[in-house]
Every structure is written in C-alpha cells, then in structure tokens.
Amino acid sequence: MAHVAQGEKEDIDRAVRAARRTFDSGPWHTMTPSMRGRLLNKLADLAEQHSEEFAQLESLDNGKPLSVARAADVPLAIDMFCYMAGWATKIEGNTIPMSFPGQYFAYTLREPVGVVGQIIPWNFPLLMAAWKLAPALAVGCTSILKPAQQTPLSALRLGELIMEAGFPAGVVNIVTGFGSGAGAPLAAHPAVDKIAFTGSTEVGKMILQAAAGNLKKVSLELGGKAPNIVLKDMDVQTAIAGAAHAIFFNQGQVCCAGSRLYVEKGVFDQVVEGVAEHTKKIKIGSGFDPSVTMGPLVSDEQLSRVTGYLQLGMSEGAKSLAGGQRYGDHGYFVEPTVLVSTNQNMRVVREEIFGPVVVAQPFDDLDEILSLANDTVFGLSAGIWTRDISKAHRIAAQLKAGTVWINCYNVFDAALPFGGYKQSGWGREMGHAVLESYTEVKSVCIGL
Ligand code: ADP
C-alpha cells in the first residue's frame, strides 16, 4: 500500500535537536498564546476539510470500518485541536497568600515542560496523535511524535497539514519507525524533557525505565480489563446492546473496552444469550464495504495474540456462547466471541486480550460485584447499567477506574479527562487535567 521510512536512533536525534532548538530559541519560544491557539484552530479547519481523506487513510491502514473512522476517529481528533486551541490563552498561574514572617508578593507561573516525546499506538492512529499533540502545542511545548509502525499514514498526512497551517519548523517532528529502533531511543533521549506514551502496560514499564536516565517526566495511558456491570433492574435490551458495543467497538482493540461482563443473577442467561445473539448481526469484512460493522484486526501478530487467547480460554474451561475462533481463512478477522463458565483465576479474565472477546460471569450482590470488578491490576474504565440512581453512584464511587460510564459506554469528549488507576497509567489525557502533565509550575516570591 505504501512505503514508509524506518526511523532509527540518528533520526530521533535529529528530530530532538530540531525540537530543542525551536523550543529554546526559535520562533515558538516567542510566539504569543493567541497565535498558538490560532494555529491549532487552523489545523482543525484543515483537518476538517480533509475529513474524508483521513477516514479513508485510517480505514486502509488500521482495517476499521470507514463508517467508524468517519463517525468517531476523525471528528473526535478535530474536536481535540479545537478544544485545546481555546486553552492556549488560558494557561494561568495563581497569586499566593503568604504566611512566612515578613512581606512578600508571591505568584505561580505555568510554563511548558519543554521538548516532549510522544509515542502512540495503532488502534486510533489519528485520534491518538491529536490527544498527544493538541495539549502539548497549546501550552507551548515542541514535540517528537512516533506513530505506531502498523499505522503511520494519518500522522504523516497530519504532518503535512501542520506545515500548511504554518507551524514553525521544528515544533512538530514526526518520526516513523519501530518501537525498538525509534521509540526506545526517544524514551531514553537525554534532551527530551517529557515522554507521553499510549500502549501496552508491558511497554509502558520499559518506557519508565528508559526515562530514568534523565528523570524525564512521564505520562502513560496503558492497558485495561474493564468491568461492565449489569444490574437486574436494567432494561435487558438496552443492557445487551450496551454490553455488545462496549466490547465489539473497533474490533475490541480498545484499551477501555468492556471486556469483563458481570451480570446480576436472575438476568445473566438472558443478557449473555442476548449478546451472543447480537454477534450474528455483526457483519465482518472489509472496512470499505458500507454494510460491514466489524473489520479485521490490525495485524497478523494481533490475530495470533487474540486466537491464542481464545484457545487458552477453552483450555482453561471457558465455553463460547458465540464465536471462539478466527473468521474465514484469510485476512486478520476474528469472530466476535462471548465466553462463559469463566472465573477470576483464568488468564482470559485477568489479562488484556485486545480483541472482540468478552468474558462473562454472574454475581449476587453489590459487595460481590465491587470485589470482582476491582480484582484486577488495571483501572482504566468501567461500565454500569442500572435504573437505580443510588446504586449507580455508590458503585461508581467505589470502582478503582479512571472513567466510569453509567448507562452508556465509549463516550469520549475532549473536555472529559481520560486515564488510568493502578497499572492502567499515570496522568490524564484531555480536559484541563492533561495540561498539568505538559506544564511545570514555577513559584516566584518577591520580598517587599
Ligand atoms: P501494542 O502491544 O498494542 O502493539 P505497544 O505498546 O507494543 O502496543 O506499542 C505502542 C507504541 O509503542 C508503538 O508506537 C510502538 O512502536 C511503541 N513501542 C513498542 N516498544 C517500544 C519500546 N521498547 N520503547 C518505546 N516505544 C515502544
């Protein structure tokens, strides 16, 4: 489909030098916040003018249905640039009332953290680029962005639009390449002030070690194994549709996917059979076929990983109510799968599969569901389906997860922070929360 440069350590070095120069002494350094905001708005406008092209690139590169890229990836990415454009002029400090003996005038400044390395995954390539670049640029950082080796095309096109919008040279530096060849030297680079990473928990831990050399700041958005909880008071059809969407959206290649379905006893059979029945309505095929609702997984490696977990689940004693294997004999398609007869000790319940596979278990009461739901090393997201507003809030308060969706799922907004508890990450993306991770606070104290 396309040939893409394989960036290596020296390319990362060159990109870091350019970002450093532009941050320390280049035009970015002196540009007004208003101008930074205008550039971000201009980029959003240009991206909007090229929406269809981006949607097609995303579908071609990742495999996702074109309709999904049109409805989710592209508009959310554009909105992220618009939202952050507004923040560029609102990065403020405080005046601080001092109690130290004497008289002082003290205030804080919020300054850009500096040169940031940003490493992103392949599941939402353009959107992840937007989540990373938009806040960094709004506050005045310069960036070296490394897209995933599986899906570099939309980031490269975005780079062209960044030039067209008029961002000064060196502000955004996109280096394509593999994790070991380009990602690792970026994470370790001594002239990088911060690394922002989205990907697997395993690689997140490697990033952390690489960052230790110069103690660069680190933010991480990692894996998940989200509990999606259905209470028996809920309208069953709504819960079924919600549970199916929570796991099957984007072929299940979503870090916040509702991959552990817990259903209150009394409606368990009805709900899981409903989700199994729902899989028959999912049309699998090319992302460019308008009737298709589930595309292929991103790669051969991902296909082996997901089918490996399916075999493992069966060998652990799980039963499939729907799916359970590869779909067809060519391409990277996997059947949407519902596994029952599962328990908390199984690896398919404990580990992130990152495919269209949900594991389901019944529960008795609130105490039990809270302990099941929180029995995981992850803490990115969770879902609750109930009409009981009191139970909904009580459960939400006790879940160890960065996002809790009640009677909805996979709802994202540039203004709504997103990130993980426990091994799902450090820091938050989006909202004003993300601005903290791209800024330093400077305290200035003046004796009067
Ligand atoms: P997945 O398991 O979903 O493919 P990864 O965590 O392996 O996700 O990859 C996410 C991003 O991290 C990609 O851009 C990849 O190239 C990059 N990456 C992988 N390994 C490393 C590494 N050791 N150091 C830095 N970046 C890496």
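Structure's up top.
Cut-offs applied
- Residues numbered from 1 in each chain as written.
- Predicted model: local features only at pLDDT ≥ 70, side-chain atom pairs only at ≥ 80, totals over all residues.
- Heavy atoms only, no water.
- Pairing = 2+ DSSP bridges.
- Helix = DSSP H or I, 4+ residues; strand = E, 2+ residues; numbered from the N terminus.
- Axes fitted to C-alpha atoms, helices over the stretch in contact; angles between N-to-C directions.
- Phe/Tyr/Trp six-rings, centres within 6.5 Å; stacked < 30°, edge-to-face > 60°.
- Buried < 20%, exposed > 50% of the residue type's maximum accessible area, 1.4 Å probe, protein only.
- Expected span 1.5 Å × (residues − 1).
- Contact = heavy atoms within 4.5 Å.
- Parallel < 35°, antiparallel > 145°, perpendicular 65-115°, else oblique.
- Core = buried A, V, L, I, M, F, W, Y, C linked by side-chain atoms within 4.5 Å.
- Near = heavy atom within 4 Å.
- Polar contact = N/O pair within 3.5 Å; in protein donor to acceptor, adjacent residues only side chain to side chain.
- Areas by Shrake-Rupley, 256 points an atom, 1.4 Å probe, with all protein chains shown as cover.
- Nonpolar A, V, L, I, M, F, W, Y, C, P; charged D, E, K, R; others polar.
- Salt bridge = Lys/Arg side-chain N within 4 Å of Asp/Glu carboxyl O.

A. Molecular detail of the sheet that holds strand S11 (residues 337-340). Across the sheet, seven strands lie side by side as S10-S11-S12-S9-S8-S13-S14; this open sheet has mixed pairing. Edge positions in the open sheet fall to strand S10 (319-322) and strand S14 (403-406), since each of these has one partner strand only. Across the sheet, the mean angle separating the axes of adjacent strands is 25 degrees when strand polarity is ignored. Bridge analysis of strand S8 (residues 227-230) against strand S9 (residues 260-264) gives four bridges, and the strand direction is parallel. Along S9, the bridge assignment pairs Pro 227 with Arg 260.

B. Local environment of the packing of aromatic side chains. Taken as a whole and judged by the stated rule, the model has 11 aromatic pairs. With a centroid separation of 5.8 Å and 70 degrees between ring planes, the pair formed by Phe 100 and Tyr 104 is classed as edge-to-face. What makes Phe 100 exposed here is its relative accessible area of 55%. Centroid distance Trp 122 to Phe 354: 5.4 Å. Interplanar angle 85 degrees. Geometry classified as edge-to-face. A residue pair is termed long-range when its members are at least 10 positions apart, and Trp 122 in the loop between strand S3 (115-119) and helix H6 (125-139) and Phe 354 in the loop between helix H13 (347-350) and strand S12 (357-363) qualify at 232 residues.

C. Broad picture of helix H4 (residues 51-62). The first and last C-alpha atoms of H4 sit 16 Å apart over 12 residues, in line with the 16 Å expected at 1.5 Å per residue. Taken residue by residue, H4 has Phe 54, Ala 55, Leu 57, Glu 58, Ser 59, Asp 61 and Asn 62 as its buried positions. Next to the buried residues of H4 lie helix H3 (33-49), helix H5 (66-87), H6 and helix H7 (153-165). Positive phi appears at Gly 63, one or two residues downstream of H4, with a value of about 100 degrees.

D. Structural view of helix H10 (residues 236-248). Here H10 spans 18 Å end to end across 13 residues, near enough to the 18 Å set by a 1.5 Å rise per residue. Among the residues of H10, Val 236, Ala 239, Ile 240, Gly 242, Ala 243, Ala 244, Ala 246, Ile 247 and Phe 248 are the ones counted as buried. Here the buried face of H10 lies against S8, S9, helix H11 (268-279), S11, S12 and strand S13 (381-385). Directly beyond the C-terminal end of H10, a positive phi value near 60 degrees is found at Asn 250.

E. Geometry of the environment of Gly 183. Among the secondary structure elements, Gly 183 is positioned in helix H8 (residues 179-188). For Gly 183, a relative accessible area of 5% corresponds to the buried category. Sequence separation between Gly 183 and Val 115 is 68 residues, and the spatial gap between their C-alpha atoms is 15 Å. Among all residues touching Gly 183, those that are not within four sequence positions of it are Ile 119, Lys 146 and Phe 178.

F. Up close: the packing of H4 against H7. Two elements in contact, H4 and H7, have axes whose closest approach is 9 Å; the angle formed by their N-to-C orientations is 155 degrees. Classed by the angle they form, the pair H4 and H7 counts as roughly antiparallel. In this structure, H4 contributes Glu 53, Phe 54, Leu 57, Glu 58 and Asp 61 to the contact, and H7 contributes Leu 153, Ser 154, Arg 157, Leu 158 and Leu 161.

G. Geometry of the nonpolar core. Judged by nonpolar contacts, the single largest core of 97 residues is most densely connected at Phe 81, Leu 158, Phe 167, Leu 261, Val 271, Val 275 and Phe 418. Here the element with the most residues in this core is H6; it accounts for 12 residues. Leave out the neighbours within four places in its chain, and Phe 81 touches Leu 40, Leu 43, Ala 44, Ala 130, Leu 133, Ala 134 and Leu 158. The next biggest cluster of nonpolar side chains, apart from the first, holds 28 residues, and it includes Ile 229, Leu 310, Ile 353 and Ile 369.

H. Just the site of the ligand, in detail. Close to the ligand lie 18 residues, the nearest being Ile 120, Trp 122, Lys 146, Gln 149 and Ser 200. Measuring from an oxygen atom of the ligand, one finds a backbone N or O atom of Ile 120 at 2.8 Å. Interatomic distance of 3.2 Å between a backbone N/O atom of Gly 179 and an oxygen atom of the ligand. Isolated, the ligand exposes 550 Å² of accessible area, and the fraction of that covered by the protein chains is 82%. The set of elements that each furnish at least two residues to the shell around the ligand consists of H8, strand S6 (194-198) and helix H9 (201-211). Taken together, the residues of the shell around the ligand sort by class into 11 nonpolar, six polar and one charged.

I. Representation of the sheet that holds strand S4 (residues 142-146) within the structure. Read across the open sheet, the six strands follow the order S5-S4-S3-S6-S7-S16; overall the sheet is mixed. Only two strands of the sheet have a single partner each, and these edge strands are strand S5 (172-174) and strand S16 (425-426). By the bridge criterion, four bridges tie S3 to S6 in an arrangement that is parallel. From the neighbouring strand, Gly 117 faces S6, where its bridge partner is Ile 195. Lying on the sheet, H6 is in contact with S3, S4, S5, S6 and strand S7 (217-221); it crosses S3 at an angle near 170 degrees. Relative to the sheet, H9 contacts S3, S6, S7 and S16, its axis offset from that of S6 by approximately 175 degrees.

J. Region of the structure containing the pattern of salt bridges. Tallied over the full model, the rule gives 15 salt bridges. Here Asp 24 and Arg 20 are joined by a salt bridge, their closest N and O atoms 3.0 Å apart. Of this pair, Asp 24 and Arg 20 both sit in helix H1 (residues 9-24), four residues apart, which is roughly one turn of the helix. Salt bridges linked by common partners bring Arg 20, Asp 24 and Asp 193 together as one network.

K. How the structure looks around the environment of Val 236. Considering the arrangement of structural elements, one finds Val 236 in helix H10. What makes Val 236 buried here is its relative accessible area of 14%. A C-alpha to C-alpha distance of 9.9 Å links Val 236 and Phe 268, two positions 32 residues apart in sequence. With near-sequence residues (within four places) excluded, Val 236 lies in contact with Val 267, Gln 270 and Val 271.

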